[in-house]
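What follows is each chain in one-letter form.
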Amino acid sequence: KKVCNEIFGELNFIAQFNWKRKKEISSDSKNAAIQGEYILCYGKSKETSFFLEELSQDYIDKSYKEPTSSFPLGKWRPVPLTVSKGLSGGGYEYAIKTPAGNEHLRIWAYPQKSYLELLEKKRVYFGIDNKGVPQRVIYAHESKGQPVSNYWDNVSSNKEGKKEILDLFDYNAFDTPKPTALIIKMMNLITERNDYILDFFSGSATTAHAVMKKNVQDGGNRKFIMVQLPEP
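Given the structure is predicted, the values throughout are model-derived calculations rather than measurements.

### Considering the overall build of the protein
Line of reasoning, step 1. From N to C terminus, the protein includes six helices and ten strands.
Line of reasoning, step 2. Relative to the 2.2 N^0.38 estimate, which gives 17 Å for 232 residues, the radius of gyration of the protein is 24 Å and therefore markedly larger than a compact globule would have.
Line of reasoning, step 3. Scored against the burial criterion, the 232 residues of the protein give a buried share of 29%.
Line of reasoning, step 4. Contacts in the protein between residues far apart in sequence, at least 24 positions, make up 61% of those at least 6 positions apart.
Line of reasoning, step 5. By element, 53% of the accessible surface of the protein is carried by carbon and sulfur atoms, the whole surface being about 16,100 Å².
Line of reasoning, step 6. Charge separation in the protein, taken as the distance between the mean sites of 33 positive and 28 negative side-chain charges, equals 5 Å.

### Digging into the layout of surface pockets
Line of reasoning, step 1. Space inside the largest pocket adds up to approximately 1,800 Å³.
Line of reasoning, step 2. Breaking the lining of the largest pocket down by element, the ones donating at least two residues are α1 (2-8), β1 (13-20), β2 (36-42), α5 (180-190), β9 (196-199) and α6 (206-218).
Line of reasoning, step 3. Among the residues forming the lining of the largest pocket, the class breakdown is 28 nonpolar, ten polar and six charged.
Line of reasoning, step 4. In this model, the second largest pocket occupies a volume close to 830 Å³.
Line of reasoning, step 5. Contributing to the lining of the second largest pocket are 28 residues, with Glu53, Glu54, Ser56, Gln146 and Lys185 lying nearest its centre.
Line of reasoning, step 6. Listed by contribution, the elements that provide at least two residues to the lining of the second largest pocket are α2 (57-63), β8 (151-152), α5 and α6.
Line of reasoning, step 7. The element that contributes the greatest number of residues to the lining of the second largest pocket is α5, accounting for four residues.
Line of reasoning, step 8. For the lining of the second largest pocket, the class distribution of residues is ten nonpolar, seven polar and eleven charged.

### Re a nonpolar patch on the surface
Line of reasoning, step 1. On the surface, a cluster of nonpolar side chains totalling about 630 Å² of accessible area is made up of Tyr196, Leu198, Phe200, Phe201 and Ile225.
Line of reasoning, step 2. Tracing the sequence through the fold places tyrosine 196 in strand β9.
Line of reasoning, step 3. The class of tyrosine 196 is exposed, set by a relative accessible area of 57%.

### Side note on the nonpolar core
Line of reasoning, step 1. Formed by Ala15, Phe17, Trp19, Ile39, Cys41, Val148, Trp152, Val155, Leu182 and Leu189, the largest nonpolar core amounts to ten residues.
Line of reasoning, step 2. Mapped by element, the contributors of at least two residues to this core are β1, β2 and α5.
Line of reasoning, step 3. Broken down by element, this core gets its largest block of residues, three residues, from β1.
Line of reasoning, step 4. Setting aside anything within four residues of it in sequence, one finds cysteine 41 in contact with Asn12, Phe13, Ile14, Ala15, Phe17 and Phe50.

### Side note on α5
Line of reasoning, step 1. Listed as buried for α5 are Thr180, Leu182, Ile183, Ile184, Lys185, Met187 and Leu189.
Line of reasoning, step 2. Those residues of α5 hidden inside the fold are in contact with β1, β2, β8, α4 (158-169), β9 and α6.

### Examining the sheet that holds strand β3 (residues 76-80)
Line of reasoning, step 1. Strand order in the open sheet made by the three strands is β3-β7-β6, with antiparallel pairing throughout. Of all the strands in the sheet, just β3 and β6 (124-125) have a single pairing partner and so form its edges.

### A few points about the side chain of aspartate 199
Line of reasoning, step 1. Examined against the element boundaries, aspartate 199 turns out to sit in strand β9.
Line of reasoning, step 2. One buried charged side chain, aspartate 199, makes no salt bridge at all; its nearest oppositely charged neighbour is lysine 178, positioned 9.5 Å away.
Line of reasoning, step 3. Excluding residues that lie within four positions of it along the chain, aspartate 199 makes contacts with Thr207, Ile225, Met226 and Val227.

### Some remarks on the pairing of strand β5 (residues 103-108)
Line of reasoning, step 1. Note that strand β4 (residues 92-97) and β5 share six bridges and pair antiparallel. Each residue of the ladder has a partner; that of lysine 97, found in β5, is glutamate 103.
Line of reasoning, step 2. A loop of five residues connects β4 with β5, the two strands running antiparallel in sequence, and glycine 101 in this loop sits at a positive phi of about 100°.

So, how was this worked out
- Residues numbered from 1 in each chain as written.
- Predicted model: local features only at pLDDT ≥ 70, side-chain atom pairs only at ≥ 80, totals over all residues.
- Heavy atoms only, no water.
- Helix = DSSP H or I, 4+ residues; strand = E, 2+ residues; numbered from the N terminus.
- Rg over C-alpha atoms; globule rule 2.2 N^0.38 Å.
- Buried < 20%, exposed > 50% of the residue type's maximum accessible area, 1.4 Å probe, protein only.
- Contact = heavy atoms within 4.5 Å.
- Areas by Shrake-Rupley, 256 points an atom, 1.4 Å probe, with all protein chains shown as cover.
- Lys, Arg positive; Asp, Glu negative; His and termini not counted.
- Charge placed at Lys NZ, Arg CZ, Asp CG, Glu CD.
- 1 Å grid on protein atoms, 1.4 Å probe; cavity = no way out; pocket = protein on both sides within 12 Å on 5 of 7 lines; lining within 4 Å.
- Points joined across faces, edges and corners; volume = space filled by probe spheres on them.
- Nonpolar A, V, L, I, M, F, W, Y, C, P; charged D, E, K, R; others polar.
- Patch = residues over 30% accessible without salt bridge, like charges linked within 9 Å, V, L, I, M, F, W, Y side chains within 5 Å.
- Salt bridge = Lys/Arg side-chain N within 4 Å of Asp/Glu carboxyl O.
- Core = buried A, V, L, I, M, F, W, Y, C linked by side-chain atoms within 4.5 Å.
- Pairing = 2+ DSSP bridges.

And the structure:
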């Protein structure tokens, strides 16, 4: 990381991703079994920003409720209307009366006019008994996505990378090859359809393979440049 800070600039550091490269806990280490690897990410400038990731089906199933007669437009979930605790300034203080007659005086994130518009559009949830603190309703199909997590425990492991090599060569032609799904995940965050992807440590050329697969997926025309020191 010190070397990268010197080359790319400390201010251009974006994130350190933690990738679970191995699902099994093996006994190949005397003390701690190493299951994870770190991926350092730097931007061309501190203004560099990622694309949002699509909501995974697993996340939707865990976080969203099934449609109801009150919220029939698809899977939905309630999110707070109040200003987050610890934030200073901002917000709008007024009382809201629930359908059951309870009154909640809070500092809300929306002005009263905006709250009434949400209420009219049937986008407010008052809990199962209609007495709770009101929350805004959002639907899964309306989501523009979510920021990427820095913890990657559900991306392909090195075992999948090894399988890809075996499928191509019928023997272990490379040691610890990375899976193409890992590189595709990185590309999904930042690359456009006509970008160039450069890999200075080509190895088994996972990056080249991943670029071709990604182009097939979305009809892109990305190009790759692979660099590798000569090896026997």
